[in-house]
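Okay, here's what each chain looks like letter by letter:
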Amino acid sequence: MSAEFFNLVEARRAIKEFDDSHALPEEDLAKILTAAHLSPTAFNIQNYRFVVVQDKKFRHSAEFLEACWNQDKAATCSALVILCADKGGWRYPERFWRNEGEELQNRMRGMINSYYDGKEQVQVDECHRSCGMAGMTIMLAAQALGYHTCPMDGFDYGKVGKLINLPNDHIVSFMVAIGRKTAEPFPRPTLLPRDEIVIREKFSW
Ligand SMILES: Cc1cc2nc3c(=O)[nH]c(=O)nc-3n(C[C@H](O)[C@H](O)[C@H](O)COP(=O)(O)O)c2cc1C
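Residues numbered from 1 in each chain as written. Predicted model: local features only at pLDDT ≥ 70, side-chain atom pairs only at ≥ 80, totals over all residues. Heavy atoms only, no water.

Chemist: Residue-level account of the overall build of the protein chain, with values.
Modeler: The helix and strand inventory of the protein chain stands at 10 helices and 4 strands. Counting helices and strands in the order they occur from the N terminus, the protein chain gives α-α-β-α-α-α-β-α-α-α-β-α-β-α. Expressed as lengths along the three principal axes of its C-alpha atoms, the size of the protein chain is roughly 55 × 45 × 35 Å. Residue pairs at least 24 apart in sequence account for 77% of intrachain contacts in the protein chain once pairs closer than 6 positions are excluded. Accessible surface computed for the protein chain: about 12200 Å², of which carbon and sulfur atoms make up 54%. Put simply, the protein chain has 25 plus and 28 minus side-chain charges, and the middle of one group is 1 Å from the middle of the other. (Helix = DSSP H or I, 4+ residues; strand = E, 2+ residues; numbered from the N terminus. Contact = heavy atoms within 4.5 Å. Areas by Shrake-Rupley, 256 points an atom, 1.4 Å probe, with all protein chains shown as cover. Lys, Arg positive; Asp, Glu negative; His and termini not counted. Charge placed at Lys NZ, Arg CZ, Asp CG, Glu CD.)

As structure tokens, then:
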């Protein structure tokens, strides 16, 4: 079982070319999104928002492609998930601690308020932490179902936000293109030496 997981991690690559004619079955999309929703968030705030863009006409439009810096995989993939998050998503613990009783809800409210209230940078960071985790889950879930993916941040955030009616107080983190590859990825790019990436106990300089 665990070997399967490691194979999956190794098989995931950033795919650059997708089959434009492939349609992602709704049940597979649902599995991917259900898995994404199980990705952890601090205090269980679930501040991520997954904007699933499937409309091919829209994605092939000159306006959208230009906003995506003409990365045509945003159009040719089967589904494009734009990972957004609500900066103010922490404000309503009565929603995401609803089933756990009032006492716990109040305790969480105190902790959550002192963590986020008035701290813009922390709120923004939390959006990216949550989306990062969910994005990886999306990629691995798609891979497990036999699809391919590409994470993307090469696009105009302002223009894409406008095109998807991004609400105030929300931010776009990145996108994940999901589909069927039509070309193999480049050979895996250089991995830095493990010793540079893994620090045991503390940095030594
Ligand atoms: C946050 C993020 C943004 C990325 N943006 C793009 C992108 O806009 N276009 C693209 O072709 N690849 C993009 N990539 C793919 C990376 O170039 C790729 O993941 C990296 O070179 C490692 O290759 P691998 O994913 O195949 O192991 C992005 C990856 C990440 C994690």
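Back to the text.
Chemist: I'd love a proper account of the site of the ligand, names of residues and values included.
Modeler: Near the ligand you find 13 residues, and of these Arg-13, Ala-14, Lys-16, Gln-71 and Gly-154 are the closest. Side-chain polar atom of Gln-71 to a nitrogen atom of the ligand: 2.8 Å apart, as the coordinates give it. When the free accessible area of the ligand is taken as 620 Å², the share hidden by the protein chains comes to 65%. Looking at the shell around the ligand element by element, the count peaks at 3 residues for strand β3 (residues 148–152). (Near = heavy atom within 4 Å. Polar contact = N/O pair within 3.5 Å; in protein donor to acceptor, adjacent residues only side chain to side chain.)

Chemist: Now, about the pattern of salt bridges: what can you tell me, with residues and values included?
Modeler: Side chains bearing opposite charge may pair, as long as their charged atoms lie close to each other. Following the criterion strictly, the structure yields 7 salt bridges and no others. We note a salt bridge from Arg-129 to Glu-126, for which the minimum N-O separation is 2.7 Å. Highlighted residues: Arg-129 and Glu-126, both in helix α8 (residues 120–144), separated by 3 residues, approximately one helical turn. Judged by relative accessible area, Glu-126 falls into the buried class, the value being 4%. Note that Lys-181 and Glu-184 form a salt bridge whose closest N and O atoms lie 3.1 Å from each other. In this structure Lys-181 comes out as partly exposed when scored by relative accessible area, which is 30%. (Salt bridge = Lys/Arg side-chain N within 4 Å of Asp/Glu carboxyl O. Buried < 20%, exposed > 50% of the residue type's maximum accessible area, 1.4 Å probe, protein only.)

Chemist: Account for the side chain of Lys-87, with residues named and values stated.
Modeler: With respect to the element layout, Lys-87 can be found in the loop between β2 (79–86) and α6 (93–96). A polar side-chain atom of Lys-87 sits 3.1 Å from a polar atom in the side chain of Glu-120. Beyond its immediate chain neighbours, meaning those up to four positions away, Lys-87 contacts Glu-120, Gln-123, Val-124, Cys-127, Asp-169, His-170 and Ile-171.

Chemist: So, the environment of Ser-78: which residues are in play, and what are the values?
Modeler: Mapped onto the elements of the fold, Ser-78 is located in the loop between α5 (73–76) and β2. Taking the relative accessible area as the measure of exposure, Ser-78 reaches 5% and is therefore buried. Expressed as a C-alpha distance, the spacing of Ser-78 and Ala-3, which sit 75 residues apart in the sequence, is 28 Å. Filtering out sequence-adjacent residues up to four positions away, Ser-78 remains in contact with His-22, Leu-24, Gln-54, Arg-59, Ile-178, Gly-179 and Arg-180.

Chemist: Please set out the sheet that holds strand β4 (residues 170–179) residue by residue, giving values where relevant.
Modeler: Strand order across the open sheet formed by 4 strands is β1-β2-β4-β3, with antiparallel pairing between neighbours. With one partner strand each, in any of the chains shown, β1 (48–53) and β3 form the two edges of the open sheet. Adjacent strand axes in the sheet meet at a mean angle of 25°, parallel and antiparallel pairs treated alike. Pairing analysis gives 8 bridges linking β2 to β4, with the strands arranged antiparallel. Within the sheet, the bridge partner assigned to Ala-79 lies in β4 and is Ile-178. Strand contacts of helix α2 (residues 26–37): β1 and β4, with the helix running at about 165° to β1, the strand carrying the most contacts. Here α8 sits on the sheet in contact with β1, β2, β3 and β4, set at roughly 10° to β4. (Pairing = 2+ DSSP bridges. Axes fitted to C-alpha atoms, helices over the stretch in contact; angles between N-to-C directions.)

Chemist: Tell me what's going on with the nonpolar core, and back it up with residues and numbers.
Modeler: In a soluble, globular protein the nonpolar side chains are often hidden away together inside. One finds Leu-24, Ile-32, Leu-83, Cys-131, Ile-138, Val-176 and Ile-178 to be the most contacted residues of the largest nonpolar core, which totals 22 residues. When residues of this core are traced back to their parent elements, those giving at least two are α2, β2, α8 and β4. Here the element with the most residues in this core is α8; it accounts for 8 residues. Cys-77, Cys-150, Met-175 and Ala-177 belong to the second largest nonpolar core, which has 19 residues in total. (Core = buried A, V, L, I, M, F, W, Y, C linked by side-chain atoms within 4.5 Å.)

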